[in-house]
Amino acid sequence: MKILKAPAELQAFALSCKRSGKTIALVPTMGFLHAGHLALIDIARQKADVVIVSIFVNPTQFGPNEDLERYPRDFERDSKLCAERGTDLIFVPNPEDMYCSDASTFVEETKLSQPLCGASRPGHFRGVTTVVAKLFNLALPDYAVFGMKDAQQLLVIKRMVRDLFFPVEIIAAPLIREHSGLALSSRNAYLSADEKSRAVVLSRVLDAAGSALRANGIEVLPGVLESMKHEIKNAGGKIDYVEALDASTLESPTAKTVDLLIALAVYFGKTRLIDNTFVWVKS
Ligand code: AMP
């Protein structure tokens, strides 16, 4: 397994793969890998000749008061896990090599990036689309795998790829959970044992909401959202948002909406967790 830090070296590697007719799959991550990330790598492995995993805690997607500095990092462990999963190359750049000090070009999706995490984390998705565009230009992937854990991110990236004609197929990977139902996340490392057990409420209320909507249709949505919020507060969660939006437009659902994204962001202690579920609603 190769490990590269320099953007130009990754691009040269990708070009040489292309010239020899090999397909490339890219898995962008911020590292501190868990089973959710590894499932993405497995999908990439099945799809392409060459698997590239990027590990980059991207500063431009963090707000000024967020956890950029303390975001968990363990490159030794990550590289072992990547090697075990058949990764061909890890790209682990330095921020100053990804962003020139006078960089003045950014990529911005302006519609799907507005609600949910876009509303609570201004500038976050601009950071994401910019870094993903850079990674695509360096790794030249035929496929790029993103997790449904970050459902809004996935939609934003798909829109960027469509709108800017990136020659890459975006593959959506299912959300991987612990046995308790808690969505796997590198940020779970911040949680105390008590916070972690209380955070199980998130997947429980999403499950219950999905069942209620499938059984009774969209007209029960207001009551469903209220009871989700109630249960989350009872478990000690501080709600950033709990919302249901049309899953393809991320606009408010109408009586005609059949495909819903129910998404939430909730703090347990200082840790902000996100989770979601997609629901086909009875029409
Ligand atoms: P991150 O390192 O958190 O930026 O995540 C890198 C990629 O892994 C993103 O495409 C995430 O959506 C995906 N990912 C993170 N956690 C999970 C999970 N629990 N299940 C599936 N994919 C995940």
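Just so it is clear, the model here is predicted, and its values are computed rather than measured.

Participant: Where do I start with the packing of aromatic side chains in this structure?
Facilitator: Any aromatic ring pair is given by two values, namely how distant the centres are and how the planes are angled relative to each other. According to the stated counting rule, one finds two aromatic pairs in the structure shown. Ring geometry for phenylalanine 62 versus tyrosine 71: centroids 6.0 Å apart, planes at 80°, classification edge-to-face. With a relative accessible area of 10%, phenylalanine 62 lands in the buried category. Here phenylalanine 136 and phenylalanine 166 contribute two aromatic rings whose centre-to-centre distance is 5.6 Å and whose plane-to-plane angle is 70°, an arrangement assigned as edge-to-face.

Participant: Got a minute to help me understand the packing of helix H6 (residues 124-139) against helix H7 (residues 151-164) in this structure?
Facilitator: It is at 11 Å that the axes of H6 and H7 come closest, and there the two elements cross at 55°. The orientation of H6 relative to H7 falls into the category oblique. You can see that H6 and H7 cross each other, and the crossing is right-handed. Of the residues in H7, those in contact with Phe125, Val128, Thr129, Val132, Ala133 and Phe136 of H6 are Gln152, Gln153, Val156, Ile157, Met160 and Val161. Taken together, the residues that form the contact of H6 with H7 break down as nine nonpolar, three polar and no charged.

Participant: Help me understand the environment of leucine 112 in this model?
Facilitator: Mapped onto the elements, leucine 112 comes out in the loop between helix H4 (95-98) and helix H5 (117-120). Owing to a relative accessible area of 2%, leucine 112 belongs among the buried residues under this scheme. On a C-alpha basis, the gap between leucine 112 and threonine 249 in space is 6.9 Å, while along the polypeptide they are 137 residues apart. Residues in contact with leucine 112, not counting those within four places in the same chain, are Gln152, Leu155, Val156, Arg159, Ser248, Thr249 and Leu250.

The rules behind the values
Residues numbered from 1 in each chain as written. Predicted model: local features only at pLDDT ≥ 70, side-chain atom pairs only at ≥ 80, totals over all residues. Heavy atoms only, no water. Phe/Tyr/Trp six-rings, centres within 6.5 Å; stacked < 30°, edge-to-face > 60°. Buried < 20%, exposed > 50% of the residue type's maximum accessible area, 1.4 Å probe, protein only. Axes fitted to C-alpha atoms, helices over the stretch in contact; angles between N-to-C directions. Helix = DSSP H or I, 4+ residues; strand = E, 2+ residues; numbered from the N terminus. Parallel < 35°, antiparallel > 145°, perpendicular 65-115°, else oblique. Left-handed = near helix turned anticlockwise from the far one by under 90°. Contact = heavy atoms within 4.5 Å. Nonpolar A, V, L, I, M, F, W, Y, C, P; charged D, E, K, R; others polar.

Functional significance is not addressed by these values, which are geometric in nature.
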